[in-house]
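Report on the structure
So you can see what is in the structure, the chains are spelled out below.
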Amino acid sequence: MIDKKKVQDFLEEIEVQDLVDNLQVMGNDVYLDMRAYSPAMHEKKKMEVAMRQAFASKFGQEVLLKLKVVSPETGSSEKDKIKGKKIKGVKNIIAIASGKGGVGKSTVASNMAITLSKMGFSVGLLDADIYGPSIPTMFDTVEEKPLSVEVEGRSLMEPIESYGIKMLSIGYFSRAGQAVVWRGPMASRALHQMVRDAHWGELDFLLIDLPPGTGDIHLSIVQELPITGAVIVSTPQHIALADVRRGVGMFRMESINVPVLGLIENMAYFTPQELPDHRYYIFGKQGAQYLAEDMGIPVLGEIPLVQSIREAGDVGRPAALQENTAVSAVYISTVQNMLKSLVERNKNLPPTEAVKIITMAGCAPKK
C-alpha cells in the first residue's frame, strides 16, 4: 500500500498542491481530482500527461493513478473557481499598464512609487514583467537576493527594500542576462509566489508594473488580486494611443471590470535646457487629451522627455528622488491627480473583486 502522506508530499514537491481538489488512496490506487491552469483544452491534456509521467517516475508502475483534470470553464462548483483574495495589510493595489512596449511604463511606475513614498505613504512595487524585468536595474538592486523570514509559522520571502520601497521581481531570482523562457502557467505560478509567499507587511500602496500589451500575466493578476484601479501609460504617437484603447478595453471588460484611474502621457514634449520656456512636441501633441476625453478617463499627467530621467533610471536612482526639479514637480502633480481619481473611485464604486477564472473562458488561447 502507498502512504497518502507520501503522495501529498510529492504534490507539494512539484508545486501543484493548490490545484488539487480531492485526493484519496486505496491500496495502490491513487484517486486524484485536479483543476487545470487554464480553460484551454491543450493545457488540460498537457497537465494529464505531465502528472502521469511524474507519478510513474516517482512511484513506479505498481501505483495506479486514477486522474481527473477539470477544465475551469466546465467547473460548476465553488471549488472549481480560482479566487483571488486581498493581501493582508495592503490597502490599495494599483496596476500600471501600457498597450505596447517602449513607452517608459516601468520608469513611470518607479518614479510614482518614489513620489508616493516621499508623500509619506508606505509603498511596495511588484515587477510583474516576468519576461523583461527592469525594476532591479532602476533601483540598483540587481545583485541582491530576497531573504527568508518566518511569519506566523510560514517561511516567506522578504522583499528587497531600496529608497523606502519594498520590491520583488523575477530579476532577483535569475542571473544577469539570463532569458526567462517559460510558458504561461509557469510564469503565472512565479507571479503567484511573489504575491502570496512574500511578507509585504503594512502598505498603503502596492504598485504592480505589468508587462506591455494584454495577455496571460494580466489575466493572472486580475484573477489573483482585487485590483483597486489601473493607470495606463502611453506616448503621444498615434500607434501607441491605438494600443491604449485595447488596454483600457481589457480593464473595462465585463468579466474584469477594473476601474481605470487615468492616463499618463510619457515623453509628452521636449524642453531644451537653453530654452526653458519652449516645448517641442516630438511625438505629437495632445493625442492623449483627445483619447482620454473620448474614453471618459482623465489625463493624470504629461511627463516630459528629459535626459536626466533616462540617466537616473540607468544608474538605479529614480529621477523623482531629485529635490526641487521640474521632473520631481511633474511627478508630484501626476501622483496627486492619481490620488484624486482614487478617492473618487473609492467613494463611488464598491471594492474590486478578483476575477474568477470561470469567466475568462472566452479569453482562453486558441489551440
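Details of the structure are given in the entry above.
This section reports on the structure supplied with the text. What you see is a predicted model; the values in this text were computed from it and never measured.

Some thoughts on the overall build of the protein
For the protein, the helix and strand inventory stands at 10 helices and 13 strands. Evaluated residue by residue, the protein yields a buried proportion of 49% over its 367 residues. Put simply, 75% of the contacts in the protein that link residues at least 6 apart link residues at least 24 apart. Carbon and sulfur atoms make up 52% of the accessible area of the protein, which totals about 17900 Å².

Some thoughts on helix 7 (residues 238–252)
Relative to the 21 Å expected for 15 residues at 1.5 Å per residue, helix 7 spans 21 Å between its end C-alpha atoms, a close match to the ideal helical length. Buried residues belonging to helix 7 abut strand 4 (90–98), helix 6 (216–224), strand 11 (229–234), strand 12 (260–265) and helix 8 (287–295).

What to know about the pairing of strand 5 (residues 123–127)
Burial runs high along strand 5: five of the five residues are buried. Here strand 5 shows a buried face lined by Val123, Leu125 and Asp127 and a second buried face lined by Gly124 and Leu126. Across five bridges, strand 5 lies against strand 10 (residues 203–209) in parallel orientation. Pairing of Leu125 across the sheet is with Leu207, part of strand 10.

Description of the packing of aromatic side chains
For the structure shown, the criterion picks out six aromatic pairs. On the basis of an interplanar angle of 90° and a centroid distance of 5.5 Å, the ring pair of Phe10 and Phe55 is categorised as edge-to-face. Linking Phe10 in helix 1 (residues 4–13) with Phe55 in helix 2 (residues 41–59), this pair joins segments that are 45 residues apart in sequence. Aromatic side chains Phe121 and Phe205 sit 5.2 Å apart centroid to centroid with 90° between the ring planes, which places their arrangement in the edge-to-face category. Of this pair, Phe121 sits in the loop between helix 3 (105–118) and strand 5 while Phe205 sits in strand 10, placing them 84 residues apart in sequence. One aromatic cluster in this structure is built from Phe10, Phe55 and Phe59.

Quick word on a nonpolar patch on the surface
On the surface, Phe270, Leu275, Tyr280 and Ile282 cluster together into a nonpolar patch covering about 350 Å² of accessible area. Here Tyr280 lies in the loop between strand 12 and helix 8.

Some details on the packing of helix 3 against helix 10 (residues 326–348)
Interhelical geometry of helix 3 versus helix 10 gives an angle of 80° and a closest axis separation of 9 Å. Considering their axes alone, helix 3 and helix 10 lie roughly perpendicular with respect to each other. Within the contact between the two elements, helix 3 uses Thr107, Val108, Asn111, Met112, Thr115, Leu116 and Lys118 and helix 10 uses Ser328, Tyr331, Ile332, Val335, Met338 and Leu339. Here the residues of the contact of helix 3 with helix 10 are counted per class, giving eight nonpolar, four polar and one charged.

Some details on the pairing of strand 10
Most of strand 10 sits inside the fold, with seven of its seven residues counted as buried. Here strand 4 runs beside strand 10; their pairing, made up of six bridges, is parallel. Directly across from Val90, in strand 10, lies its bridge partner Leu203.

Some thoughts on the sheet that holds strand 3 (residues 64–70)
Spatially, the three strands line up as an open sheet ordered 1-2-3, and their pairing is mixed. For this open sheet the edge positions go to strand 1 (20–26) and strand 3, each flanked by a neighbour on one side alone. The average undirected angle you get between the axes of adjacent strands in this sheet is 10°. Both strand 2 (residues 29–35) and strand 3 contribute to a ladder of seven bridges, which runs parallel. What sits directly across from Met34, in strand 3, is Val69. In the packing of helix 1 onto the sheet, contacts are made with strand 1 and strand 2, and the angle to strand 1 comes to roughly 150°. Of the strands in this sheet, strand 2 and strand 3 touch helix 2, which is tilted by about 160° from strand 3.

Remarks on the sheet that holds strand 11
Taken in spatial order, the eight strands of this open sheet run 8-9-5-10-4-11-12-13, and their pairing is mixed. This sheet does not close on itself; its edge strands, each paired only once, are strand 8 (160–162) and strand 13 (299–302). The sheet shows a mean angle of 25° between the axes of neighbouring strands, taken without regard to direction. Pairing analysis gives three bridges linking strand 12 to strand 13, with the strands arranged parallel. Across the sheet, Ile264 pairs through a bridge with Gly301, a residue of strand 13. Across the face of the sheet, helix 7 comes into contact with strand 4, strand 11 and strand 12 while running at roughly 170° to strand 11.

Here we look at the packing of helix 7 against helix 8
Where helix 7 meets helix 8, the closest approach of the two axes is 11 Å, and the angle between their N-to-C directions is 30°. It follows that helix 7 is roughly parallel to helix 8 by the angle criterion. At the point where helix 7 passes helix 8, the crossing takes the right-handed sense. Side by side, helix 7 and helix 8 meet where Leu241, Val244, Arg245, Val248 and Arg252 of the first sit next to Gly287, Ala288, Leu291, Asp294 and Met295 of the second. Residues of the contact of helix 7 with helix 8, tallied by class, amount to six nonpolar, one polar and three charged.

What counts, and at which threshold
Residues numbered from 1 in each chain as written. Predicted model: local features only at pLDDT ≥ 70, side-chain atom pairs only at ≥ 80, totals over all residues. Heavy atoms only, no water. Helix = DSSP H or I, 4+ residues; strand = E, 2+ residues; numbered from the N terminus. Buried < 20%, exposed > 50% of the residue type's maximum accessible area, 1.4 Å probe, protein only. Contact = heavy atoms within 4.5 Å. Areas by Shrake-Rupley, 256 points an atom, 1.4 Å probe, with all protein chains shown as cover. Expected span 1.5 Å × (residues − 1). Pairing = 2+ DSSP bridges. Phe/Tyr/Trp six-rings, centres within 6.5 Å; stacked < 30°, edge-to-face > 60°. Patch = residues over 30% accessible without salt bridge, like charges linked within 9 Å, V, L, I, M, F, W, Y side chains within 5 Å. Salt bridge = Lys/Arg side-chain N within 4 Å of Asp/Glu carboxyl O. Axes fitted to C-alpha atoms, helices over the stretch in contact; angles between N-to-C directions. Parallel < 35°, antiparallel > 145°, perpendicular 65-115°, else oblique. Nonpolar A, V, L, I, M, F, W, Y, C, P; charged D, E, K, R; others polar. Left-handed = near helix turned anticlockwise from the far one by under 90°.

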